[in-house]
Amino acid sequence: MKTKITAKWIIKFPSDSEIMVKTGEIVEPGQVVIRTDLRRIESINLSNFFGKFSDKKIKEINQKLVGAWVNSGELMCLAGGLFPKKICFPMSGNFLEIDEFGYLKIEVKEDKKREITTPVRSVVSKIDSDKLVLEFKAREFKGKGLVAGKSWGESDFRLINDSKDLNSSLNDKVLFTQNLTNSFLLKAEVVGVAGVVTDTDVNEDDLTTGLPLLKLDKNLWEKLLKFQGSSKKILINSRLERLLLVLE
């Protein structure tokens, strides 16, 4: 365990977003840092046309149009031989791809805005055209990732092993447990637990949960349980096999 590290949290966003903060600014948890258009991906079945195209032809179309804004009714390509048929875009949006099944993928902007907030008190260290970097102080606990994932949550470091103690009060919380039965973990998911920390050995292939799950050794496990009774902000990142305990 390192006594203290400077950790980074990266927020990615579309290049046409509105940036609500500036470099060097201190931001608070829940503060809006990016405002962007709400977007959805439309998938249109055009396999009747593209199913007759070669892989090379599909690749050429994708390379030519990827990331481009297209308009409804605009010509996409010609299909057929002597009397080719025009294939036009059925809607306006950002062209993403034609997939291997002949589905056209277009990203469409909606009228509503989406606000991206910061999960933790931090400093805006860098702003690029498509991402914002936050820095904060934390203690790092290295472990073993049993189920890959990344999630923010709070914890009071209570040890909960009985399913009857799993309730809505644990919504968005990081759960400390030695019970890794699938029935217990399923209930944890249902009540909204953000992630799971354990010191228990288990066969990873037997786990069916989608929750980020990190195993710590006994020494680090006991160090964290000493915080019991005090609520702390935690980032569990079982992909990088670490837990960050935020320092206020």
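Summary of the structure given here.

Thresholds, definitions, all that
Residues numbered from 1 in each chain as written. Predicted model: local features only at pLDDT ≥ 70, side-chain atom pairs only at ≥ 80, totals over all residues. Heavy atoms only, no water. Buried < 20%, exposed > 50% of the residue type's maximum accessible area, 1.4 Å probe, protein only. Helix = DSSP H or I, 4+ residues; strand = E, 2+ residues; numbered from the N terminus. Arc of directions from axis to C-beta. Contact = heavy atoms within 4.5 Å. Polar contact = N/O pair within 3.5 Å; in protein donor to acceptor, adjacent residues only side chain to side chain. Core = buried A, V, L, I, M, F, W, Y, C linked by side-chain atoms within 4.5 Å. Phe/Tyr/Trp six-rings, centres within 6.5 Å; stacked < 30°, edge-to-face > 60°.

Brief notes about helix α4 (residues 218–225)
Within an α-helix, residues lying three or four positions from one another point in the same direction, as the helix has 3.6 residues per turn.
Phase 1: Taken residue by residue, α4 has Leu 220, Trp 221, Leu 224 and Leu 225 as its buried positions. Projected onto a plane normal to the axis of α4, the buried residues spread over an arc of 135° and lie on a single side.
Phase 2: The secondary structure elements touched by the buried residues of α4 are β11 (131–142), β14 (174–176), β15 (195–198) and β18 (242–246).
Phase 3: Here α4 starts with a cap whose side-chain oxygen sits 3.2 Å from the backbone nitrogen of Asn 219, and that cap is Asp 217.

Structural notes on the nonpolar core
Phase 1: By size, the foremost hydrophobic cluster in this structure holds 20 residues, and its most contacted members are Leu 132 and Phe 136.
Phase 2: Residue assignment for this core shows that the elements contributing at least two residues are β1 (2–12), β4 (32–45), β11 and β18.
Phase 3: Leu 46, Phe 50, Phe 53 and Val 108 belong to the second largest nonpolar core, which has 18 residues in total.

As for the packing of aromatic side chains
Pairs of aromatic rings are described using the distance from one ring centre to the other and the angle between the two planes.
Phase 1: Across all of its chains, the model carries seven aromatic pairs by this definition.
Phase 2: Consider the rings of Phe 50 and Phe 53, whose centres lie 5.4 Å apart with planes at 90°: the pair is edge-to-face. Comparing Phe 50 with Phe 53 shows no difference in burial state: the two are buried.
Phase 3: Their ring planes at 55° and their centres at 5.3 Å tell us that Phe 157 and Phe 176 sit as a pair that is tilted. Remark: Phe 176 occurs in strand β14 and Phe 157 occurs in the loop between β13 (150–155) and β14; sequence separation between them is 19 residues. Summarising the burial analysis for this pair, Phe 157 and Phe 176 share the class buried.
Phase 4: An aromatic cluster of at least three residues, connected via ring pairs, comprises Phe 157, Phe 176, Trp 221 and Phe 227.

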